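Listed below are the residues making up each chain.
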Amino acid sequence: MNQFLSLCSLGLLLGAAAGCQRTPQATAAAPGTALTGTWRLTNYQCHCPPGHPVPDEVLTLDASRHFRLMRDKKLAAEGTYATSTGASCGGGSPEPIITLMPTDADAYAPKGAYTLEGSTLVIDQCSAADGPKYTYTRQ
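Everything in this summary refers to the structure shown in the same document.

About the cut-offs
- Residues numbered from 1 in each chain as written.
- Predicted model: local features only at pLDDT ≥ 70, side-chain atom pairs only at ≥ 80, totals over all residues.
- Heavy atoms only, no water.
- Helix = DSSP H or I, 4+ residues; strand = E, 2+ residues; numbered from the N terminus.
- Buried < 20%, exposed > 50% of the residue type's maximum accessible area, 1.4 Å probe, protein only.
- Salt bridge = Lys/Arg side-chain N within 4 Å of Asp/Glu carboxyl O.

1. Comments concerning unusual backbone geometry
For residues that are not glycine, phi is negative in most cases, and the peptide bond is trans in most cases. The phi dihedral of Arg-65 falls on the positive side, at around 70°, and the residue is not glycine. Note on placement: Arg-65 falls in the loop between strand S2 (57–61) and strand S3 (66–71). Residue Lys-73 is not a glycine yet carries a positive backbone phi of 65°. Looking at the secondary structure, you find Lys-73 in the loop between S3 and strand S4 (74–88). The class for Lys-73 is exposed, based on a relative accessible area of 69%.

Laid out in structure tokens, this is it:
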């Protein structure tokens, strides 16, 4: 009986501890309202040479889950996007994920864990050595 009570107590403690995990600051539940708009790339963390400028990039997301990505004022990619939750960057607790799916198979668009705080959208691709990371500001 004592072993049973000890196991039950341990189960309750583990369940309580799991409930105290960090919750993501952004949610993937409402991309039609929170993510829609025009976003300008303002910071780009990459494995680039020192002094590499931030690319001229503008990302537009609409409520119908379509996106357009402009680089140097030219269309670089367009297609659809989806949001979900999942583990990224090698595991951990579930977090919001955004996946931009270009209609042209050769086009490139960022995808990965995202955070949305006020007018700042960060897409972290978690590639080797934790990069690149794109920081956009709402226009």
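Still more ground to cover, so stick around.
2. So, the pattern of salt bridges
Scanning all chains against the criterion turns up four salt bridges. In this structure, Arg-40 engages Asp-56 in a salt bridge whose closest nitrogen and oxygen atoms are separated by 2.9 Å. Of this pair, Arg-40 sits in strand S1 (residues 37–45) while Asp-56 is found in the loop between S1 and S2, placing the two residues 16 residues apart along the sequence. Where Glu-57 meets Arg-71, a salt bridge forms, and the shortest distance between an N and an O atom there is 2.8 Å. In this pair, Glu-57 is assigned in strand S2 and Arg-71 in strand S3, connecting sequence segments 14 residues apart. The exposure class assigned to Glu-57 is buried, which follows from its relative accessible area of 2%. A residue is classified by how much of its surface remains accessible, and Arg-71, at 24% relative accessible area, is partly exposed. In this structure, a network of salt bridges that share partners links the residues Arg-40, Asp-56 and Lys-73.

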